[in-house]
Amino acid sequence: MAPVIQELKRHTDKVESVVCVTAQHREMLDSVLDTFRIRPEYDMDLMYPGQTLDTITANILKNLDKILKKEHPDFILVHGDTTTTFAAALSAFYHKIPFGHVEAGLRTYNLASPYPEEANRQMVSNLAQLHFTPTMTTLKNLLREGKPADKIFVTGNTVIDALKTTVKEEFSHPALDWAGERRILLLTAHRRENWGAPLCRIFEAVGELTRRYEDICVICPCHPNPVVESMARKIFDHNKSVRLTEPLEVTEFHNIIKRSYLVMTDSGGIQEEAPSLDKPVLVVRDTTERPEGIKAGTLKLVGTAKENIIKETSRLLDSKEAYEEMSRAENPYGDGNASKRITEAIIKYYK
């Protein structure tokens, strides 16, 4: 959402924008706010140890009720498929305030994968007045669900906009110094549906790969959830080819993607960011809401079976042709101007 906020600030003659954050993930949010020099007018600061989906939702509704009564906004923007997104959309509906959904129309049509994100985005779409979709595929999803065509705008994804300001020609980081000349496998894993045995299999597969290939190393920014971090530290303990780090600030993360050999992830946005930087992505999930990437060849859905992860990663490590086929595939997620299109659509809507 950061590039959208920045674009709205360029149109102060037409739009007065107010930024509200929930801090559902405090540490991860703060690095983004610092990078993009965003100072929210409202910070709910809701994160606390052991938070649940129920308590996050309830606390957002309680806090937003006060904020919306004070501000009386004409329009609200929400992004993506988090619990914050759903709760904010529900609050907008309760207050009868129209809202727009950025990154709309992504679907797996499996409510258990990803969980709870798939349910969140379907519910948000049923409440939104404007839908800002990243691709034609996401547009078609919404049309099939009966959303009005004149309320849907294909904009590209704003994460591509962000790369324009974060990726640097000159960049250094201790993790890159540690990697040296080795090929870097960048690993992120945090999805709730992967907690437990699937996450264990993913980490064990990566550990086995480091034993088979002496010329690779793994950089793994650990998600702050203790379920993820504790398992990562247990499995990668004493593995000198794996470096666990704190969650990376967004500029650090984008630049490490740029300098990696390939990316293994169960994240959503990284499936779009990495191909924009010409990096193959192995998706360690059983489903993806980004079939455009599969079709284009920028992504490979490998699941969470240990043997298949090793097989598909080895194919990219061993075959120059297979690697180049993925790294050179055209990214279908936009040209970096999504924020401009979103802002123009909002201004036009109110005209």
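Quick note: structure is the one above.
Everything numeric here is computed off the predicted structure, so don't read it as measured data.

1. A word on unusual backbone geometry
Put simply, S113 and P114 share a cis peptide bond, and its omega is -5°. Along the polypeptide, P114 turns up in the loop between β4 (99–102) and α5 (117–125). Here Y115 and P116 are connected by a cis peptide whose omega angle stands at 5°. In this fold, P116 is placed in the loop between β4 and α5. Positive phi outside glycine occurs at R37, with the angle close to 55°. Looking at the element boundaries, R37 is found in the loop between α2 (26–35) and β2 (42–43).

2. Remarks on the packing of helix α3 (residues 53–71) against helix α4 (residues 83–94)
One way to put it is that α3 packs onto α4 with a least axis distance of 9 Å and a crossing angle of 40°. In terms of orientation, α3 and α4 fall into the oblique class. You can see that α3 and α4 cross each other, and the crossing is right-handed. Residues L53, I56, T57, I60, L61, L64, D65 and L68 of α3 pack against T83, T84, F86, A87, A88, L90, S91 and A92 of α4. Taken together, the residues of the contact of α3 with α4 sort by class into eleven nonpolar, four polar and one charged.

3. Brief notes about the pairing of β4
Here β4 shows a buried face lined by F99 and H101 and a second buried face lined by G100 and V102. In this sheet, β4 lies alongside strand β3 (residues 76–79) in parallel orientation, the contact comprising four bridges. Along β4, the bridge assignment pairs V78 with H101. Taking the sense of rotation as the criterion, the β-α-β connection linking β3, α4 and β4 turns out right-handed. Here β4 runs beside strand β5 (residues 130–133); their pairing, made up of three bridges, is parallel. Across the sheet, the residue bridging to G100 is L130, located in β5. On the question of chirality, the crossover connecting β4 to the parallel β5 by way of α5 is right-handed.

4. Side note on the sheet that holds strand β6 (residues 152–154)
Sheets are built from strands that pair by backbone hydrogen bonding, the pairs being arranged parallel or antiparallel. If you trace the four strands from one edge of the open sheet to the other, you get β3-β4-β5-β6, paired in parallel fashion. Lying at the two open borders of the sheet, with one neighbouring strand each, are β3 and β6. Direction aside, neighbouring strands of the sheet carry axes that sit 20° apart on average.

5. Some points on the side chain of T135
By secondary structure assignment, the location of T135 is in the loop between β5 and α6 (136–144). Residue contacts for T135: discarding those within four places in its chain leaves V154, E292, P332 and Y333.

6. Notes on the sheet that holds strand β7 (residues 183–188)
Reading across the sheet, the six strands line up as β9-β8-β7-β10-β11-β12 and stay open at both edges, with parallel pairing between neighbours. Bordering the open sheet on either side are β9 (242–245) and β12 (299–301), each of which pairs with just one other strand. Shown here is a sheet whose adjacent strand axes are inclined to one another by a mean of 20°, direction ignored. Taken together, the four bridges between strand β8 (residues 216–221) and β9 define a ladder with parallel strand orientation. Among the inter-strand pairings, V218 is bridged to a residue of β9, identified as V242.

7. A word on the nonpolar core
Residues L187, F203, F236, M264 and I309 are the most contacted members of the largest nonpolar core, which totals 31 residues. Counting residues per element, the ones that place at least two in this core are β7, α9 (197–212), β8, α10 (226–236), β10 (262–265), α14 (306–318) and α15 (320–327). If you look at the next biggest cluster of nonpolar residues, it comprises 22 residues, including V159, A175, A179 and F253.

8. Some remarks on the environment of F86
As for its position among the elements, F86 is in helix α4. Given the relative accessible area of 14%, F86 is considered buried. Separated by 37 residues in sequence, F86 and M123 place their C-alpha atoms 7.2 Å apart. Every residue in contact with F86, bar those within four places of it in the chain, is listed here: T57, N120, M123 and V124.

9. Regarding the pattern of salt bridges
Summed over the entire model, instances satisfying the criterion amount to 22 salt bridges. The shortest N-O distance in the salt bridge between K69 and D65 comes to 3.2 Å. With K69 and D65 both in helix α3, this residue pair falls four residues apart, about one helical turn. By relative accessible area, which is 52% here, K69 ends up exposed. A salt bridge links D81 to R121; its shortest N-O distance comes to 2.7 Å. You can see D81 sitting in the loop between β3 and α4 and its partner R121 sitting in helix α5, a full 40 residues away along the chain. The pair formed by D81 and R121 is uniform in burial state, with each residue classed as buried. Members of the salt-bridge network, linked through shared partners, are D81, E103, E118, R121, E272, R285, E289 and R290.

Reading the values: rules and limits
- Residues numbered from 1 in each chain as written.
- Predicted model: local features only at pLDDT ≥ 70, side-chain atom pairs only at ≥ 80, totals over all residues.
- Heavy atoms only, no water.
- Helix = DSSP H or I, 4+ residues; strand = E, 2+ residues; numbered from the N terminus.
- Axes fitted to C-alpha atoms, helices over the stretch in contact; angles between N-to-C directions.
- Parallel < 35°, antiparallel > 145°, perpendicular 65-115°, else oblique.
- Left-handed = near helix turned anticlockwise from the far one by under 90°.
- Contact = heavy atoms within 4.5 Å.
- Nonpolar A, V, L, I, M, F, W, Y, C, P; charged D, E, K, R; others polar.
- Buried < 20%, exposed > 50% of the residue type's maximum accessible area, 1.4 Å probe, protein only.
- Pairing = 2+ DSSP bridges.
- Right-handed = clockwise from strand over helix to strand, strands pointing away.
- Core = buried A, V, L, I, M, F, W, Y, C linked by side-chain atoms within 4.5 Å.
- Salt bridge = Lys/Arg side-chain N within 4 Å of Asp/Glu carboxyl O.

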